[in-house]
Amino acid sequence: MPAPETLDGKDTPAERPLIMRYAARSDVGRIRSKNDDSAYVGRHLAVVADGMGGHAGGDVASASTVLDMIHLDHDNYPEGADTVLADEIQTANSLLSELVHQNPKLSGMGTTVTALLLEDRKLHFAHIGDSRAYRLRNKKFEQVSVDHTFVQRLIDEGRLRPEEAETHPHKNVLMRVLGDVDASPELDLDVLDVEPGERWLLCSDGLNYVAGHVVERMVRETKDLRECADILVDLTLEAGAPDNVTVVMLEIAEETDDDVSTAAVDIVPAAALASFDDEADSLTASKSPDGPAASKAAEESHDSSPAKAARDAEPGSSFSASDPTTTDKDAESSESSDSGEPPATTDPHLGEHLSAEVLREELASRPHELVGAAATAAETGSIPTVAGRTVARRAATVLTHKAEQDRADAEEPPRRRVRWLMPAVAAVVVLGVVVGLWLGYAWTQTRYYVGEYDQRVAIFNGISQRLGPIQLSRLEAVTDIRVDSLPEYGQQSVRQTVPAGDLHDAQGIVENLKNTGSASANCPTKGPKPTPSPTISVPVPSTAAVATPSPSPIPTSCEAAK
């Protein structure tokens with residue numbers, strides 16, 4: 001393309017497209033038995049996901065989310081990419097809910113997502129959870145993302161100092177996350193101007209065990225991206241690495257002729273490729289009639305790549321295979337009803353073989369790095385499945401904001417339209433439970449108690465109980481009274497917490513502890529001793545001359561404190 005000319009007739013060099021240069025690494029850490037982190041980075045897309053859900057499905061959540069987004073790694077968005085990243089993350093959230101519905105053992109799984117999409121000279125940013133995004137630009141290093149955690153909320157409200165966050169017992173409690181808990185999670189979204197030379201670091205919260213100033217120094221001083229990623233992960237391992245750690249380093253650069261001619265990198269080993277190809281060929285042949293015509297049909301099916309055609313037709317395709325147990329009759333019915341539509345990405349006949357092949361073709365079509373649980377899923381072919389759903393059409397519908405309700409009604413059997421009673425009842429029950437929980441929580445926030453915080457007497461708002469990971473109290477005020485300065489029974493009372501009706505009562509209890517060392521409000525205050533009334537002496541017979549010794553008075557808690 002000829003260079004544009006200025007008004008004085010001189011040519012000005014055309015701007016070259018921007019791409020990402022990148023490096024990524026993920027490690028299971030020193031403590032965990034499996035890696036729940038996943039990450040993908042290419043020339044236009046970078047994603048980090050930190051799964052949760054324990055043994056059940058943290059790796060499934062992060063891997064399925066990342067693999068569902070990799071097809072966004074290109075810069076061909078004629079209508080702009082303003083909503084593409086956000087819509088695809090919402091689609092991935094819907095996929096997680098469907099996986100849980102299909103397999104209840106995965107209930108409670110979720111994942112964080114921090115993603116960047118480079119389009120022209122704009123960088124689209126999306127974030128949810130506590131994975132982080134840092135940017136080094138014009139010698140300024142800053143954290144762009146905000147942690148969606150309980151302690152970050154306390155910091156934002158001024159109830160916790162940032163230096164206290166690292167040791168807070170609830171520092172890992174997330175307030176926002178992808179998963180089956182929220183049908184429409186709230187994302188942090190932004191569109192940023194981008195310049196060649198700026199650097200980005202995307203990481204899971206496992207990197208938090210390395211001091212922030214050390215991370216900044218490594219990003220500033222280590223010129224090689226691969227070396228920088230390795231150093232950050234190695235520093236985490238040296239610090240103990242109690243959690244998985246994933247690091248993606250990228251730098252914005254102008255595309256060169258070498259970049260245009262660079263071949264894509266395939267992450268799947270050659271032996272695995274041959275194994276997958278043999279299995280796919282044998283599976284295709286088994287579904288064809290015997291004879292030469294069958295062999296030709298199988299070759300045409302393999303060469304025409306129905307998955308590739310579906311991917312080209314459905315730009316929002318997701319690489320989750322349909323359930324391999326779905327019957328051929330159901331598949332034929334779906335195909336006949338959509339004879340005028342492009343073929344769906346998922347074919348219930350082929351199961352995991354086609355899913356692995358489709359994913360392999362997608363990854364081999366561009367340079368990239370895939371690490372963590374997503375890389376394991378891609379190499380083994382164990383792609384999370386959704387039974388009986390044309391995931392590609394669903395994703396494309398969401399991405400283009402075209403709710404094709406008429407077609408959905410035509411495809412759905414009429415008998416399903418009357419099945420509204422059970423969902424309605426379930427919705428009412430869920431609403432009742434939510435309202436009840438909220439009222440109960442609101443009541444707890446009207447209560448106060450006196451307890452211990454940082455070895456000092458403190459006033460708390462709420463009750464000294466927990467509801468799962470949620471603490472039903474918050475710190476109201478910290479006094480200068482040290483708990484170890486109180487009598488032993490006073491220390492026990494404070495450590496076992498002293499309930500109070502309201503803030504005034506709690507302040508009274510603190511005042512009693514300060515003055516008498518006791519939480520009781522019945523201790524007498526110091527004052528003038530009462531004047532004894534005169535007594536009349538009465539002669540006592542000699543038989544009563546021997547006085548009976550009176551028992552010594554037992555000191556009260558207040559007297560003992562004095």
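Keep in mind it's a predicted model, so treat the numbers as computed, not measured.

Here's the deal with the packing of helix α5 (residues 212-221) against helix α6 (residues 225-238)
- It is at 9 Å that the axes of α5 and α6 come closest, and there the two elements cross at 160°. What the angle tells us is that α5 and α6 run roughly antiparallel. Remark: the crossing between α5 and α6 carries right-handed chirality. Contacts between α5 and α6 involve Val 214, Val 215, Met 218 and Val 219 from the first element and Cys 228, Ile 231, Leu 232 and Leu 235 from the second.
- In terms of residue class, the contact of α5 with α6 is made up of eight nonpolar, no polar and no charged.

Considerations on helix α17 (residues 488-495)
- Within α17, burial applies to Gly 490, Gln 491 and Val 494. Angularly, the buried residues of α17 cover 100° about the axis, an arc narrow enough to put them on a single face.
- Buried residues along α17 sit against β14 (448-453), β15 (456-467), β17 (498-500) and α18 (503-516).
- Residue Thr 497 follows α17 closely and has a positive phi angle near 70°.

Quick notes on the side chain of Asp 205
- With respect to the secondary-structure elements, Asp 205 resides in the loop between β11 (199-203) and α5.
- Here Asp 205 occupies a buried position and makes no salt bridge, while the nearest side chain of opposite charge, Arg 32, is found at 7.1 Å.
- If sequence neighbours within four positions are ignored, Asp 205 has contacts with Asp 50, Asp 130, Asn 172 and Asp 243.

Some words on the confidence of the model for the protein chain
- With 66% of its residues at a pLDDT of 70 or more, the protein chain has an overall mean of 73.
- Across residues 263-354, where pLDDT falls below 50, the model places 130 contacts with residues more than four positions away in sequence or in other chains.
- For residues 524-557, every residue scores under 50 in pLDDT, and the model assigns this stretch four contacts once sequence neighbours within four places are set aside.

A look at the sheet that holds β11
- Spatially, five strands are ordered β1-β12-β11-β7-β8 in an open sheet, and the strand pairing comes out antiparallel. In this open sheet, the two edge strands, each paired with only one partner strand, are β1 (18-27) and β8 (140-143). Each neighbouring strand pair of the sheet contributes to a mean axis angle of 15°, computed without reference to strand direction.
- The sheet contacts of α5 involve β7 (132-137), β8, β11 and β12 (245-254), and relative to β8 the element is tilted by about 135°.

Describing the packing of aromatic side chains
- Counted by the stated rule, this structure contains two aromatic pairs.
- Summarising the aromatic geometry, the rings of Tyr 134 and Phe 141 are spaced 5.4 Å apart at their centres and angled 10° between planes, so their arrangement reads as stacked. Both residues of the pair, Tyr 134 and Phe 141, count as buried.
- Look at Tyr 449 and Phe 460: their rings are 5.0 Å apart centre to centre, the planes differ by 10°, and that puts the pair in the stacked class. Here Tyr 449 is found in strand β14, whereas its partner Phe 460 is found in strand β15, with eleven residues between them in sequence. Each of the two residues, Tyr 449 as well as Phe 460, counts as buried.

The rules behind these values
Residues numbered from 1 in each chain as written. Predicted model: local features only at pLDDT ≥ 70, side-chain atom pairs only at ≥ 80, totals over all residues. Heavy atoms only, no water. Axes fitted to C-alpha atoms, helices over the stretch in contact; angles between N-to-C directions. Helix = DSSP H or I, 4+ residues; strand = E, 2+ residues; numbered from the N terminus. Parallel < 35°, antiparallel > 145°, perpendicular 65-115°, else oblique. Left-handed = near helix turned anticlockwise from the far one by under 90°. Contact = heavy atoms within 4.5 Å. Nonpolar A, V, L, I, M, F, W, Y, C, P; charged D, E, K, R; others polar. Buried < 20%, exposed > 50% of the residue type's maximum accessible area, 1.4 Å probe, protein only. Arc of directions from axis to C-beta. Lys, Arg positive; Asp, Glu negative; His and termini not counted. Salt bridge = Lys/Arg side-chain N within 4 Å of Asp/Glu carboxyl O. pLDDT = per-residue confidence, 0-100. Pairing = 2+ DSSP bridges. Phe/Tyr/Trp six-rings, centres within 6.5 Å; stacked < 30°, edge-to-face > 60°.

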